[in-house]
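# Analysis of the macromolecular model
The primary structure of each chain is shown beneath.
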Amino acid sequence: MTVTVAAVRTKSASRARVRRRVLLFAAGGILALFVLLTVSLTTGEMPMPAGTALRALVGLGDSGDVLVVQQFRAPRAVAAVVAGAGLGAAGCVLQRLFRNPLASPDVMGVTGGASLGAVALIAAGASQTLIPVGALGGGLLAALLLGVFAWRSGLAVTRLVLTGLAVQAGLAAAVNLMIVRFPAELAGSALQWTTGSVYGRTWPEVWGAAGAMVLALAAALVLHRRLALLDLGDESAGALGLGTSAARLQLLFVAVALASLAAALAGPVTFVALAVPHLVRLVTGPPTAASLGLAGLTGAVLLLAADLVVQHLLPIEGLPVGAVTATLGAPWLLVLMFRQSSPVQRSHA
């Protein structure tokens, strides 16, 4: 009896510590996001005090300040927040779904599909406002190809990963071929878009993507119980009455929607979806429903911070934010691969 009571107390204390870490992490993320948003609105070629920027955001004050804040700085900052939140949440779902810490939208081919959709519309001479729609359609097409090619294996994890890599490689080759065949004036625009950027976003694009992103995040939270059952393994989840293939397909679609919406707004930004779930697990421990929200918050902070670095700290003008995240992602990926192949990791596999 004493042992049982002690075990219960220990478990309760452990849960209390996890809750405190989650609350502190969330509070720190919200504070960091507020600070970064303030910096993004107040800095630039026309620096202004925070009070002036906030008044301009709601349409008060000098007309020049209002124009700069409302039409240039605010849409770009909100686009980075929305896209980062979608990438963070998508990476969190995918890594748990694949049970692979290296899983990301790149593995599924979503980024390749988004790039192909956007570049195809650029080649067709479509309006700039339609390019995000093409990116979203391309990401969903990549998911459809992934599902069709992997369906025969019952959507087994290994088959999904290998099929996703093949789809991504094929779509990336198609994008490169199209860019090579482009006229010079279109090639530069296509190449910049495929590296990921939130430059030049407009409010209709931002609000459309944000509304769809909220729905996708809500769907991810609703499906979290199925994801938690899949964490137990297919046999255990099936014994508890879960249709594993259907559940995996539903979660896969939600993750693809999150990543595609992010790509539709910011292009195929790398590293964020890969790194964010690891950062969240490092602080909060085993994944829970709160992990999805924290992953979205962390992704928003990370992408907005990277975009501010591009704008104000690097000497290269016009550098896409995807170039910065890719530079950070390469060593991160090498570290993860080394950890996965280490003797300690293999001994626990």
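Summarised in this report is the structure supplied together with it.

What counts as what
- Residues numbered from 1 in each chain as written.
- Predicted model: local features only at pLDDT ≥ 70, side-chain atom pairs only at ≥ 80, totals over all residues.
- Heavy atoms only, no water.
- Phe/Tyr/Trp six-rings, centres within 6.5 Å; stacked < 30°, edge-to-face > 60°.
- Helix = DSSP H or I, 4+ residues; strand = E, 2+ residues; numbered from the N terminus.
- Axes fitted to C-alpha atoms, helices over the stretch in contact; angles between N-to-C directions.
- Parallel < 35°, antiparallel > 145°, perpendicular 65-115°, else oblique.
- Contact = heavy atoms within 4.5 Å.
- Nonpolar A, V, L, I, M, F, W, Y, C, P; charged D, E, K, R; others polar.
- Patch = residues over 30% accessible without salt bridge, like charges linked within 9 Å, V, L, I, M, F, W, Y side chains within 5 Å.
- Areas by Shrake-Rupley, 256 points an atom, 1.4 Å probe, with all protein chains shown as cover.
- Salt bridge = Lys/Arg side-chain N within 4 Å of Asp/Glu carboxyl O.
- Expected span 1.5 Å × (residues − 1).
- Buried < 20%, exposed > 50% of the residue type's maximum accessible area, 1.4 Å probe, protein only.
- Core = buried A, V, L, I, M, F, W, Y, C linked by side-chain atoms within 4.5 Å.
- Lys, Arg positive; Asp, Glu negative; His and termini not counted.
- Charge placed at Lys NZ, Arg CZ, Asp CG, Glu CD.

### Remarks on the packing of aromatic side chains
- In this structure the tally under the stated criterion is one aromatic pair.
- Seen in terms of ring centroids, Trp203 and Trp207 are 5.2 Å apart; in terms of plane orientation they differ by 15°. Their pairing is stacked. Linking Trp203 with Trp207, this pair stays in helix α9 (residues 203-222), spanning four residues, or about one helical turn.

### Details of the packing of helix α2 (residues 50-57) against helix α3 (residues 63-98)
- Where α2 meets α3, the axes come as close as 8 Å, and the angle between the chain directions of the two elements is 80°. Between α2 and α3, the angle is such that the two are roughly perpendicular. Contacts between α2 and α3 involve Thr52, Ala53, Ala56 and Leu57 from the former and Asp65, Val66, Val69, Gln70 and Ala74 from the latter.
- Its residues placed into classes, the contact of α2 with α3 shows six nonpolar, two polar and one charged.

### Here we look at a nonpolar patch on the surface
- Taken together, Leu31, Phe34, Val35 and Val39 make up a surface patch of nonpolar side chains, about 370 Å² in accessible area.
- Relative to the helices and strands, Leu31 is located in helix α1 (residues 2-42).

### Focus: the packing of α3 against helix α13 (residues 272-284)
- Here α3 crosses α13 at 70°, and the two axes come no closer than 7 Å. With respect to each other, α3 and α13 are oriented roughly perpendicular. Each of Gly84, Leu87, Gly88, Gly91, Cys92 and Gln95 in α3 lies in contact with α13, whose residues at this interface are Val272, Ala273, Leu274, Val276, Pro277, His278 and Arg281.
- Residue composition of the contact of α3 with α13, grouped by class: seven nonpolar, five polar and one charged.

### A short note on α13
- For α13, spanning 13 residues, the distance from its first C-alpha to its last is 18 Å, which sits close to the expected 18 Å at 1.5 Å a residue.
- Every buried residue of α13 is listed here: Val272, Ala273, Leu274, Ala275, Val276, Pro277, His278, Val280 and Thr284.
- The first or second residue beyond α13 is Gly285, which carries a positive phi of 85°.

### Considering the nonpolar core
- Judged by nonpolar contacts, the single largest core of 67 residues is most densely connected at Phe98, Met108 and Leu252.
- The biggest single contributor to this core is α3, with 15 residues.
- Excluding residues within four positions of it along the chain, Met108 makes contact with Leu94, Phe98, Ala142, Leu146, Gly164, Val167, Leu252 and Val256.
- Counting 16 residues, the second-largest nonpolar core is a separate cluster that includes Ala114, Ala118, Val119 and Ala263.

### Some details on a positive patch on the surface
- Among the surface-exposed residues, Arg15, Arg17, Arg19, Arg20 and Arg21 lie close enough to one another that they form a single positively charged patch.
- Inspection of the secondary structure puts Arg21 in helix α1.
- On the accessibility criterion, Arg21 (34% relative accessible area) is partly exposed.

### Regarding the environment of Ser197
- With respect to the helices and strands, Ser197 occurs in the loop between α8 (184-194) and α9.
- Note: C-alpha distance between Ser197 and Gly318 (121 residues apart in sequence) is 9.4 Å.

### Some thoughts on the pattern of salt bridges
- For the structure shown, the criterion picks out three salt bridges.
- A salt bridge links Arg76 to Asp307; the nearest nitrogen and oxygen atoms lie 2.9 Å apart. Taken together, the positions of Arg76 in helix α3 and Asp307 in helix α14 (residues 289-312) put the pair 231 residues apart, joining distant regions of the chain.
- Look at Arg76 and you get buried, because its relative accessible area is 15%.
- By relative accessible area, Asp307 is classed as buried at 2%.
- One salt bridge in this structure joins Asp231 and Arg96, with 2.4 Å as the shortest N-O distance. Within this pair, whereas Asp231 is found in the loop between α10 (224-230) and α11 (234-239), its partner Arg96 is found in helix α3, the two being separated by 135 residues in sequence.
- According to the relative accessible area criterion, Asp231 is partly exposed, its value standing at 31%.
- You can call Arg96 buried: its relative accessible area is 6%.

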